[in-house]
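The lines below spell out each chain.
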2 protein chains.
Amino acid sequence: METKNPVIECLMNHRSFRKYKPDPIPKETIETILRAGIRAGTAGGIQPYAFIVIDDPEIMKKVSYIHGPLAIVAVVDQYRVKRYYELNDAPFYNDQAINLFISYWDATIALHNVVVAAESLGLGGVYIGMILSQDLQESLGVPEYVVPAGLVTLGYPDEEVDLNPRLPLEAVVHRNGYRIPSDEDVASWYREGDERWRDRFENEWSEERRKEFLDHGVTNRAQHWTIGHYTEEFTRNESAGVLRNLRKAGFRLAEAAEQDD
Amino acid sequence: METKNPVIECLMNHRSFRKYKPDPIPKETIETILRAGIRAGTAGGIQPYAFIVIDDPEIMKKVSYIHGPLAIVAVVDQYRVKRYYELNDAPFYNDQAINLFISYWDATIALHNVVVAAESLGLGGVYIGMILSQDLQESLGVPEYVVPAGLVTLGYPDEEVDLNPRLPLEAVVHRNGYRIPSDEDVASWYREGDERWRDRFENEWSEERRKEFLDHGVTNRAQHWTIGHYTEEFTRNESAGVLRNLRKAGFRLAEAAEQDD
């Protein structure tokens, strides 16, 4: 296929690695991936995000339940912008929804550049979403107008991992407008994963584990996710953490929402 | 340098292109970049995002003020997840902050994969942040639990563009904790851009334009951004659009924020 090249091969080859060799990552490699990170597109050259690179094992334990030689936290950083504006007698009103979401976008794609660059150099890692609910004022001393946007742990992989399945392209891609799918569409998109789950449930799980899930009303993959894993309580607690971080950082969302309309 | 390779070169070479040749993008190229997009990491295989690919010129005009042969809107898509859960008698409570932000993260990095793949194939584009405040229920018929997460226009570049400057690495990167910078640090990080702005202001701008800016209190780059460009009114209006989209889509942020604590 004419559209194959090393960049696309690298992107297509992504998988999540959670176990790493103890080997440290050379300084030049870290600098290279960070430099690739900050080349990602960013709103008007302001770069309203930051990376917090973590190689101290004690601090790693505070921010991540997966530990590698390196972790990188990406944060929305309107604090630096505010400091810059103050030095230049420029008014600051970037504590609002648009600034939060634009900065979050910039932060996640900058971190993604880091990850893609790292993978091209033989490193592997995993994104950890639970960073979003963590109090980084507590663990990393971030100031006002800074909230978590992403976390990746990185290292040289010490496990074999298969490519994770993805939904078929037509489940994700719409053309010139959103096409509401039929029940048959939705069922067919998720069928392969559902069947894989059922096979494991019936043939690989212990009788005890199977019974425990059935007792909680888990009879399929969707229920496993939403009752067994990302439970209502988990979702509510994580969300409370996200909103607490936004409020403590000084972003105005609730108030503006009430004023609006 | 041993850490150079085609992937890192591609990432380092990113620039924003706003003018495109009229040449259409071959179907196989579009399919390749979309397939690279959906290989990006995603929470638990749920893929709570979607792409809306736009090549209809009338719809392009509705969603983007920059027009190319192709535009791709990335959206948070918890609607598809809800439909899947309903089909499987699984409860849905993904209308909360953590689901919004995790899905937004997944959507932006999937779109970023598309952009990186596109750039590796000679395409160029630009991210357009104003998509976040647009009513996609109106323009693209998106259902509940779907909100905009990103927009890129793509085409074969028809302009020469220099690499945009970036802040020095030490402005963006912290180690094992957030380091509060001194005023001297902040000033020095932005100095190169500030001086470039002053040079243009003094030597390239017309007397009339200079006077207009001075009359509005714009004497430096920071004031240009915050008084001249991303004004208070603009920021407030964009933020109102973002929050309206979240509310209309059914995401609960304000309410949860009040309950919290």
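Quick caveat: nothing in here was measured; it's all calculated off a predicted structure.

Caption draft 1: Up close: the sheet that holds strand β5 (residues 173-175) of chain B. Strand order in the open sheet formed by five strands is β3(A)-β4(A)-β2(A)-β1(A)-β5(B), with mixed pairing between adjacent strands. Two strands lie at the open edges of the sheet, namely β3 (124-127) of chain A together with β5 of chain B, each paired on one side alone. Each strand of the sheet is rotated relative to its neighbour by a mean of 25 degrees, with strand direction disregarded. Bridge analysis of β3(A) against strand β4 (residues 146-155) of chain A gives four bridges, and the strand direction is antiparallel. Counted as the bridge partner of A:Gly124 is A:Gly155 from β4(A). Relative to strand β2 (residues 70-77) of chain A, helix α4 (residues 78-87) of chain A is tilted by about 50 degrees, and along the sheet it contacts β1 (49-54), β2 and β4 of chain A.

Caption draft 2: The arrangement of the pattern of salt bridges in detail. The final tally for this structure, using the stated rule, is 24 salt bridges over all chains. Between A:Arg252 and A:Asp95 there is a salt bridge; the shortest N-O distance is 3.1 Å. With A:Arg252 in the loop between α11 (232-249) and α12 (254-259) and A:Asp95 in the loop between α4 and α5 (97-120), this residue pair connects regions lying 157 residues apart in the sequence. What makes A:Arg252 partly exposed here is its relative accessible area of 29%. Residue A:Asp95 is classed as buried on the basis of its relative accessible area of 12%. A salt bridge links B:Glu58 to B:Lys61; the nearest nitrogen and oxygen atoms lie 3.4 Å apart. Of this pair, B:Glu58 and B:Lys61 both sit in helix α3 (residues 57-63), three residues apart, which is roughly one turn of that helix. The exposure classification of B:Glu58 matches that of B:Lys61, with both residues exposed. In the salt-bridge network here, residues are joined through shared partners; they are A:Lys82, A:Glu86 and A:Glu144.

Caption draft 3: Spotlight on the environment of A:Gly217. Residue and element names in this part refer to chain A. Relative to the elements of secondary structure, Gly217 occurs in the loop between α9 (207-215) and α10 (221-229). Judged by its relative accessible area of 33%, Gly217 is partly exposed. As a C-alpha pair, Gly217 and Ile227 span 10 residues in sequence and 7.8 Å in three-dimensional space. With sequence-adjacent residues up to four places away left out, Gly217 is seen in contact with Gln223 and Ile227.

Caption draft 4: Structural context of helix α4 (residues 78-87) of chain B. Residue and element names in this part refer to chain B. A large share of α4 lies buried, amounting to eight of its 10 residues. The backbone nitrogen of Tyr79 lies 3.0 Å from a side-chain oxygen of the residue at the head of α4, namely Asp77. Trailing α4 by a residue or two, Asp89 shows a phi angle of about 50 degrees, which is positive.

The rules behind the values
- Residues numbered from 1 in each chain as written.
- Chains lettered and ligands numbered in written order.
- Predicted model: local features only at pLDDT ≥ 70, side-chain atom pairs only at ≥ 80, totals over all residues.
- Heavy atoms only, no water.
- Pairing = 2+ DSSP bridges.
- Helix = DSSP H or I, 4+ residues; strand = E, 2+ residues; numbered from the N terminus.
- Axes fitted to C-alpha atoms, helices over the stretch in contact; angles between N-to-C directions.
- Contact = heavy atoms within 4.5 Å.
- Salt bridge = Lys/Arg side-chain N within 4 Å of Asp/Glu carboxyl O.
- Buried < 20%, exposed > 50% of the residue type's maximum accessible area, 1.4 Å probe, protein only.
- Polar contact = N/O pair within 3.5 Å; in protein donor to acceptor, adjacent residues only side chain to side chain.

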